[in-house]
Amino acid sequence: MKKIIISSLCLMISGVVFSQVIIGNGIGTATDKTSVLLEFANTNDRGIVLPYLRTMPVAPTEGTIMVDATDPTRAKVKYYNGTWKDLSSGNEADISSALTKQPIVAESNTIGTIIGSDQTSATGLLVLESSNKAMILPQVTSTDAVINPAPGMMVYIKGTNKRLAVFNGSKWTFWAP
């Protein structure tokens, strides 16, 4: 009987608790968690690294973000919104040495991690599936605080000049509103 009562209480509580994933610690950076699906700890010196693609996807899902490593000597960070857009602002990087540390394996398009749902129609290594929640990028005070940034790293600069920063392997590109 105790197990039934405890299970019922857990089920009721889970229905009113906001569900999300925080990577790095249990606190994260958002003060209001109601619209957050994925966030990162406030380490102030780390970012998220995008996957390096040696072959471009044939039919990517809108919102796909990755490092175009089809030519490792001219790599760029890109996102897809119906067409591929360059987040590196035309800047190219040689990521050949970084690619030597990456495995060369044939990946399955059906295997990935989904956060926010049990299923998705999108293909990707990590799919955030939500109609009303978003991801909060790792936050730093400056890209200077990031030691040895990896190609494809993304961070949000939270100082007076709030903006998105993307590292393509040789240079940071900054996106402001």
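Higher on the page you've got the structure.
**What to know about the overall build of the chain**
Of the regular secondary structure elements, the chain holds two helices and 14 strands. When each of the 177 residues of the chain is scored for burial, the buried share is 29%. The long-range share in the chain, meaning contacts at least 24 apart out of those at least 6 apart in sequence, stands at 38%. Here the chain displays about 11,300 Å² of accessible surface, and carbon together with sulfur accounts for 56% of that area.

**Here we look at the nonpolar core**
Core analysis: the biggest nonpolar cluster contains 19 residues, and Y52, V67, V77, I95, M154 and V166 have the highest contact counts within it. At the level of elements, β2 (36–40), α2 (96–99) and β13 (163–167) are the ones that each hand at least two residues to this core. The residues touching V67, leaving out its near neighbours within four places in the chain, are L50, P51, Y52, L53, A75, K76, V77, I95, P151 and G152. Residues V155, I157, F167 and W172 belong to the second largest nonpolar core, which totals eight residues.

**Quick notes on the packing of aromatic side chains**
Evaluated as defined, the whole model comprises two aromatic pairs. Taking the centre distance of 5.1 Å and the plane angle of 50 degrees together, the rings of F167 and W172 count as tilted. Looking at F167, the relative accessible area reads 9%, which means it is buried. Cation over ring: R163 sits above F174, and NZ or CZ is 4.3 Å from the ring centre.

**Focus: the sheet that holds strand β5 (residues 65–68)**
The four strands lie next to each other as β4-β5-β6-β7, forming an open sheet whose pairing is mixed. In the strand order of this sheet, the two ends are held by β4 (52–53) and β7 (84–86), each with one partner. Pairing between β5 and strand β6 (residues 76–80): four bridges, direction antiparallel. The residue of β6 that forms the bridge with V67 is V77.

**Some remarks on unusual backbone geometry**
Residues other than glycine seldom take positive phi values, yet S89 does so here, at roughly 55 degrees. Locating S89 in the fold gives a position in the loop between β7 and α2. Its identity as a non-glycine residue notwithstanding, N148 has a phi of 50 degrees, on the positive side. Its relative accessible area of 70% is what places N148 among the exposed residues.

**Some remarks on a nonpolar patch on the surface**
Together, L126, L128 and M135 line one region of the surface with nonpolar side chains, adding up to about 220 Å² of accessible area. Relative to the elements of secondary structure, M135 occurs in strand β10 (residues 134–135).

**Remarks on the pairing of strand β12 (residues 153–157)**
Look at any regular strand and the pattern is simple: side chains alternate between the two faces of the sheet. Burial analysis of β12 places four of its five residues in the buried class, which makes it a mostly covered element. Bridging between strand β11 (residues 139–140) and β12 involves two bridges; their strand directions are parallel. Paired with V140 across the strands is I157, a residue of β12. As judged from the five bridges shared by β12 and β13, these two strands associate in the antiparallel manner. Paired with M153 across the bridge in β13 is F167. Between β12 and β13, which pair antiparallel and follow one another directly, the connecting turn spans five residues.

Conventions used here
- Residues numbered from 1 in each chain as written.
- Predicted model: local features only at pLDDT ≥ 70, side-chain atom pairs only at ≥ 80, totals over all residues.
- Heavy atoms only, no water.
- Helix = DSSP H or I, 4+ residues; strand = E, 2+ residues; numbered from the N terminus.
- Buried < 20%, exposed > 50% of the residue type's maximum accessible area, 1.4 Å probe, protein only.
- Contact = heavy atoms within 4.5 Å.
- Areas by Shrake-Rupley, 256 points an atom, 1.4 Å probe, with all protein chains shown as cover.
- Core = buried A, V, L, I, M, F, W, Y, C linked by side-chain atoms within 4.5 Å.
- Phe/Tyr/Trp six-rings, centres within 6.5 Å; stacked < 30°, edge-to-face > 60°.
- Lys NZ or Arg CZ within 6 Å of the ring centre and 35° of its normal.
- Pairing = 2+ DSSP bridges.
- Patch = residues over 30% accessible without salt bridge, like charges linked within 9 Å, V, L, I, M, F, W, Y side chains within 5 Å.
- Salt bridge = Lys/Arg side-chain N within 4 Å of Asp/Glu carboxyl O.

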